[in-house]
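# Understanding the architecture of this molecule
Below are the chains, spelled out letter by letter.
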Amino acid sequence: QDPFIAFHLDKTLVKKYMSPLLIGELAPDQPSFEPSKNKKLVEDFRELRSTVEKMGLLNPNRAFFILYLCHILMLDVAAWLTIWYFGASTLSFLLSAVLLGTVQAQAGWLQHDFGHLSVFSKSRWNHWVHKFVIGHLKGAPASWWNHLHFQHHAKPNCFRKDPDVNMHPLFFALGKTLSVELGAQKKKFMPYNHQHKYFFIIGPPALVPLYFQWYIFYFVVQRKQWVDLAWMLTFYIRFFLTYLPFLGVKGVLGLHLLVRFIESNWFVWVTQMNHIPMHIDYDKNVDWFSTQLQATCNVHQSFFNDWFSGHLNFQIEHHFFPTMPRHNYWKVAPLVKSLCAKHGIEYQCKPLLTAFADIVHSLKDSGELWLDAYLHK
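All figures in this text were calculated on a predicted structure; none of them were measured in a lab. (Residues numbered from 1 in each chain as written. Predicted model: local features only at pLDDT ≥ 70, side-chain atom pairs only at ≥ 80, totals over all residues. Heavy atoms only, no water.)

The subject of this paragraph is the environment of Trp-84. Turning to its location among the elements, Trp-84 is positioned in helix 4 (residues 62-86). Residue classification places Trp-84 among the partly exposed positions, given a relative accessible area of 49%. (Helix = DSSP H or I, 4+ residues; strand = E, 2+ residues; numbered from the N terminus. Buried < 20%, exposed > 50% of the residue type's maximum accessible area, 1.4 Å probe, protein only.)

Structure, rendered in structure tokens:
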């Protein structure tokens, strides 16, 4: 029930699609609550959800998102004007790349808002603009993002259910339990005891330019998502036509690769700081509140941190209320903290650089656990 409520705007419409899936009703004498879940916590969270709705915290301020889009478009134009006015010098090339990398990162946070249906009251309006932002401004398919991201939200940090932790075990040994299990099975796809070092090579710099860049095209062709492909092509056509006269073919390709490199570093550090250092394990079928909280942490609020992370420094609140417009996260945070305190659950909130460092520390720790199990168990 809680994931269903969290993900959907028009619940009456969605229930119509779900009615063919009904296989039966529980008899009156049958238990309707699973013993693995904390009933009192579930009830308190649902009461919190009701309070959030009454406070209007799920209602967006559309001016916020319009201004956010405008600042992205202005940065995009500024990048082109830099090359146009100063020429294709090394300095202007690098400045333009930084501006375009910022555009890509910030458009990534904005498409995330539309993908979560947190801007418009109608799902289809969010989906339409989502295709424009992720397709035309970023050159990526909306269907690919939806396919992966909602699996992540349903079961964050649950191995084999959250695609964001699929890097285990091929590239990294993640989480204390999984790392020990991997070592005890004598499996070694990589030298995991050094993963906190090679993370800096195959993690932040490589994910977008070396993996996402080609996989998104494979995804849309394999699944015949031709509308998404058309939107993606408008990005590449616009990018090449606007920069080709100044930079030539090699220059445009170099600029695109550098922009993806900047975007990749920004994206990986921000998205992983809230999850990789947290609990990673198989799905234990616990309640929604506990599932989300054990897999997420926050980063301190500041104007820069809010902007730099697209408000994903409020990852806890975002996971509890995925359709909540991000400008309201800070308003609901005290209520979430209060509920955590009531039930004795830790609510983690860190400085930004500490959150970055914890990614590396957690990889080092799980790598050492793997090595110890590999050698001695």
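Back to the write-up after that little detour.
When the UniProt feature table is mapped onto this chain numbering, "transmembrane region" (unreviewed entry) sits at residues 63-85, 91-110, 198-220 and 240-259. Secondary structure content for residues 63-85 is 100% helix and 0% strand, and the end C-alpha separation is 32 Å. Secondary structure content for residues 240-259 is 100% helix and 0% strand, while the C-alpha to C-alpha distance between its ends is 13 Å. (UniProt positions renumbered as here; feature names shortened; annotations may be inferred.)

Attention now moves to unusual backbone geometry. Each neighbour pair has its own omega, and for His-168 with Pro-169 the value is 5°, a cis peptide bond. In this model, Leu-117 sits at a positive phi of 65°, which is unusual for a non-glycine residue. Here Leu-117 shows up in the loop between helix 5 (90-115) and helix 6 (123-136). According to the relative accessible area criterion, Leu-117 is buried, its value standing at 8%. Although it is not a glycine, His-311 sits at a positive phi angle of roughly 65°. Relative to the helices and strands, His-311 is located in the loop between helix 13 (303-309) and helix 14 (315-320).

A few words now on the nonpolar core. Of all hydrophobic cores here, the largest spans 39 residues; its most connected members are Leu-110, Leu-174, Phe-199, Met-273, Ile-359 and Leu-363. Elements with a minimum of two residues in this core: helix 4, helix 5, helix 8 (176-184), helix 9 (195-202), helix 11 (226-272) and helix 16 (352-376). Looking at which element gives the most residues to this core, the answer is helix 16, with seven residues. Apart from residues no more than four positions distant in its own chain, Met-273 is found in contact with Cys-297, Val-299, Ser-309, Leu-352, Ala-355, Phe-356 and Ile-359. (Core = buried A, V, L, I, M, F, W, Y, C linked by side-chain atoms within 4.5 Å. Contact = heavy atoms within 4.5 Å.)

Running from N to C, helix 5 and helix 6 cross one another at 165°; their axes reach a closest spacing of 8 Å. It follows that helix 5 is roughly antiparallel to helix 6 by the angle criterion. Where helix 5 crosses over helix 6, the two elements pack in a sense that is left-handed. For the pair formed by helix 5 and helix 6, the contact residues are Ala-107, Leu-110, Gln-111, Phe-114 and Gly-115 on the first element and Asn-126, Val-129, His-130, Val-133 and Ile-134 on the second. When the residues that make up the contact of helix 5 with helix 6 are grouped by side-chain class, the tally is six nonpolar, four polar and no charged. (Axes fitted to C-alpha atoms, helices over the stretch in contact; angles between N-to-C directions. Parallel < 35°, antiparallel > 145°, perpendicular 65-115°, else oblique. Left-handed = near helix turned anticlockwise from the far one by under 90°. Nonpolar A, V, L, I, M, F, W, Y, C, P; charged D, E, K, R; others polar.)

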